[in-house]
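The residues making up each chain are set out below.
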Amino acid sequence: YENRIGVKSLLDKVVSAQEAAALIQDGSVVGMSGFTRAGDAKVVPMALVERAQNEKFQIDVYTGASLGPEVDKHLAEAGVIRKRGPFQADSGIRNMINSGSVTYVDAHLSHNAELVRQGIIGPIKHAIIEATAITEDGMIIPTTSVGNSNIFVEYAENVIIELNVSHPESLIGLHDIYTPAEQGKREAIPMTNPEQRIGTIGIPVDPAKIAAIVISEEPDAPSMIVPPDEETQTMANLLLDFFRDEIKAGRLTNELMPLQSGVGSVANAVLDGFADSEFENLVVASEVLQDAVFNLIDAGKVRFAAGASITLTAELQEKVYGNLENYADKICLRPQEISNHPELIRRLGLISINTALELDIYGNVNSTHVSGTKMMNGIGGSGDFARNARLGIFVTKSYAKGGAISSIVPMVSHVDHTEHDVDVIVTEQGIADLRGLAPKERAALIIEKCAHPEYKEQLRDYYNRAVEATGDAHTPHILAEALSWHVSLAENKTMKKELVK
Ligand code: 0RQ
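Residues numbered from 1 in each chain as written. Predicted model: local features only at pLDDT ≥ 70, side-chain atom pairs only at ≥ 80, totals over all residues. Heavy atoms only, no water.

## Some points on helix 17 (residues 484-492)
Step number 1: Of the residues making up helix 17, those classed as buried are Trp485, His486, Ser488 and Leu489. Mapping the buried residues of helix 17 onto a view down its axis gives an arc of 160°, with all of them on the same face. Set apart from the buried face of helix 17 by more than 90 degrees, the exposed residues are Ala490 and Glu491.
Step number 2: On its buried face, helix 17 sits against strand 17 (358-360), strand 23 (405-406), strand 24 (408-409) and helix 15 (453-469).
Step number 3: After helix 17 finishes, the residue Lys493 shows a positive phi value of roughly 65°. (Buried < 20%, exposed > 50% of the residue type's maximum accessible area, 1.4 Å probe, protein only. Helix = DSSP H or I, 4+ residues; strand = E, 2+ residues; numbered from the N terminus. Arc of directions from axis to C-beta. Contact = heavy atoms within 4.5 Å.)

## Remarks on the site of the ligand
Step number 1: Around the ligand, the structure places 22 residues, and the nearest of them are Glu287, Asn377, Gly378, Gly381 and Lys401.
Step number 2: In this structure, an oxygen atom belonging to the ligand sits 2.7 Å away from a side-chain N or O atom of Asn377.
Step number 3: Between the ligand and Lys401 there is a distance of 2.9 Å, counted from an oxygen atom to a side-chain nitrogen or oxygen.
Step number 4: Across the complex, the protein chains shield 75% of the 1000 Å² of accessible surface that the ligand would expose by itself. (Near = heavy atom within 4 Å. Polar contact = N/O pair within 3.5 Å; in protein donor to acceptor, adjacent residues only side chain to side chain. Areas by Shrake-Rupley, 256 points an atom, 1.4 Å probe, with all protein chains shown as cover.)

## Structural notes on the packing of helix 8 (residues 265-273) against helix 9 (residues 291-298)
Step number 1: Closest axis-to-axis distance for the helix 8/helix 9 pair is 8 Å, and the angle between their directions is 10°. As summarised for this structure, helix 8 and helix 9 are arranged roughly parallel, according to the angle between their axes. Contact with helix 8, carried on its side by Asn268, Leu271 and Asp272, involves Asp291, Ala292, Val293, Asn295 and Leu296 of helix 9 and no other residues of that element.
Step number 2: The class makeup of the residues in the contact of helix 8 with helix 9 is 4 nonpolar, 2 polar and 2 charged. (Axes fitted to C-alpha atoms, helices over the stretch in contact; angles between N-to-C directions. Parallel < 35°, antiparallel > 145°, perpendicular 65-115°, else oblique. Nonpolar A, V, L, I, M, F, W, Y, C, P; charged D, E, K, R; others polar.)

## A word on the pattern of salt bridges
Step number 1: One pass over the structure, following the stated rule, counts 35 salt bridges.
Step number 2: Between Lys73 and Glu77 there is a salt bridge, with its nearest N and O atoms 3.3 Å apart. Highlighted residues: Lys73 and Glu77, both in helix 3 (residues 69-77), separated by 4 residues, approximately one helical turn.
Step number 3: The partly exposed category is assigned to Lys73, whose relative accessible area is 30%.
Step number 4: Look at Glu77 and you get partly exposed, because its relative accessible area is 44%.
Step number 5: Arg117 is the salt-bridge partner of Glu114, the closest N and O atoms lying 3.0 Å from each other. In this pair, Glu114 and Arg117 are both assigned in helix 5 (residues 112-117), 3 residues apart and thus about one turn of the helix distant.
Step number 6: On the basis of relative accessible area, Arg117 is assigned to the buried category, the value being 14%.
Step number 7: One salt-bridge network, in which partners are shared between bridges, spans Asp40, Lys42, Glu130 and Asp220. (Salt bridge = Lys/Arg side-chain N within 4 Å of Asp/Glu carboxyl O.)

## Regarding the side chain of Lys456
Step number 1: The residue Lys456 is located in helix 15 in this model.
Step number 2: No salt bridge is formed by the buried Lys456; the nearest opposite charge belongs to Glu448, separated by 4.8 Å. (Lys, Arg positive; Asp, Glu negative; His and termini not counted.)

## Considering helix 15
Step number 1: The end-to-end C-alpha distance of helix 15 is 25 Å, a good match for the 24 Å that 17 residues give at a rise of 1.5 Å each.
Step number 2: Gly471 lies just past helix 15 and shows a positive phi near 65°. (Expected span 1.5 Å × (residues − 1).)

## Some details on the nonpolar core
Step number 1: Counting residues in hydrophobic clusters, the biggest one holds 70 residues, and the most contacted among them are Ile161, Phe243, Phe274 and Phe294.
Step number 2: Looking at which element gives the most residues to this core, the answer is helix 7 (residues 230-248), with 6 residues.
Step number 3: Residues contacting Phe294, with those up to four places away along its chain left out, are Leu289, Ile310, Leu312, Leu316, Val320, Tyr327 and Ile331.
Step number 4: Membership of the second largest hydrophobic core comes to 38 residues, among which are Ala20, Val71, Met96 and Val102. (Core = buried A, V, L, I, M, F, W, Y, C linked by side-chain atoms within 4.5 Å.)

## Quick word on the sheet that holds strand 18 (residues 365-366)
Step number 1: Ordered in space as 18-17-24, the 3 strands form an open sheet in which the pairing is mixed. Looking at the sheet topology across the chains shown, the edges are occupied by strand 18 and strand 24.
Step number 2: The pairing of strand 17 with strand 24 spans 2 bridges and is classified as parallel. Of the residues in strand 24, the one forming a bridge with Asp360 is Val409. (Pairing = 2+ DSSP bridges.)

## Describing the pairing of strand 11 (residues 282-285)
Step number 1: Neither face of strand 11 is left uncovered, since the one carrying Leu282 and Val284 and the one carrying Val283 and Ala285 both have all their residues buried.
Step number 2: In this structure, strand 11 lies alongside strand 13 (residues 302-307), joined through 4 bridges in parallel fashion. By the bridge assignment for strand 13, Leu282 is matched with Val302.

## Structural notes on the pairing of strand 9 (residues 210-216)
Step number 1: In terms of residue burial, strand 9 counts as a mostly covered element, since 5 of its 7 residues are buried.
Step number 2: By the bridge criterion, 6 bridges tie strand 7 (residues 158-164) to strand 9 in an arrangement that is parallel. The partner of Leu163 across the bridge, within strand 9, is Ile215.

In structure tokens form, the structure reads like this:
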């Protein structure tokens, strides 16, 4: 590992994970690297789990996005996490959030850096950052994600490095680290094309701030994407046809515009769908680069992909990390403040594709709360993109839990993306283009195109009665009934009226 530590005076800082974990004080706010299971600190958190067996202490943990099991399962279940933000996606910590033993701040991913600058998150005592190397001129080279690491390193009182020698040195040069100045003293972000490099290859750090270096060989936890099924494939095809219509209308060319797609199987299926299509020379400007992006680079369909992390299945990890040189000039990892920056999303004209848990007849989307109360994962970057994209698209199956749940309801039980941020909705039933439509026009289209056939009549019935009851108001609702589908699910285990006795 010595050759990966360019500042030779730092060789004295190499310690065991247990020694590094002992530096972390009870009650500290800790910023950790990691974004969707990629590039997260692993061995120091596990040493904290060990320490928690003999000592009671708690910390607040902020990261880029979701982490692998070391933190979001084991550290949480050891009772060490008091507060967690801004995103998680693990059943271990999710259960604790939903039973009140972990406090969770679910936030737009682009907002975190500003909150750190303003001291709302912090003061940050420790930053724990996984690194590929530390350069001679004192830069931390991240591994498979950047996330919030740059802002944590800048504001933390001290920095603990997990030097992970299992990541290839060919990661050096892949990152593009740009950190905006404070608000009020800030210039425009100098990017007019996602392929430009605007920053440095690593995170600048004062070596005196590095308190410890721990050597690690733990690989990233692989992503667990399920392959496309018939329904996700149908959604992908609907979306590709929609893009074809946009080309005919003169709003897009077959290079489209830079693409962002959320995590999950639908997003991956949509991207996979480009492989056998006429679309070409595509650019991805996303937050997570999943398997499909690399398959599309291999197929010559994607010419460049930028994100805040690379999250791959075990199979793709082997293929990509073994041949990273082949991708070096085609991919780039940036801080999430940049990948998700409203200024850039709007300027570059992104097409964004994210997933809804449920949506209502007017197009309000719930991406986070099951039955309005239980946290699923979090809003992640979906809000950053949906509001600012050129085209904000949401995908979801039209039903869940074998049909007991309609994903299209009279009123969502929680709102993440308002009707104003939702341009297009896709389910396996059809696609609704809501741009330029008023609420009543939207309702008619969403019900007819996107709802499951078994729920269409029930939705029409609610809507028609709402129109009548409100005297054809702008957004018709029967307030006493608007959430009754969720109540029915809780009481009768189904939203289907005919099954309720
Ligand atoms: O539960 O597995 O127990 O059956 O929710 O649903 O259909 O498998 O979809 O895995 O793509 O996840 C919105 C959660 C979708 C995710 C969400 C149940 C369903 C199943 C999962 P089971 P699917 P996915 C990029 C951008 C928000 C953040 C985001 C997400 C489980 O995509 O977290 O987009 N997005 N970030 O049965 C009750 C409903 C339901 C329901 C589905 N209406 N009510 N349960 N389910 N609909 C990432 C980052 O920013 C980092």
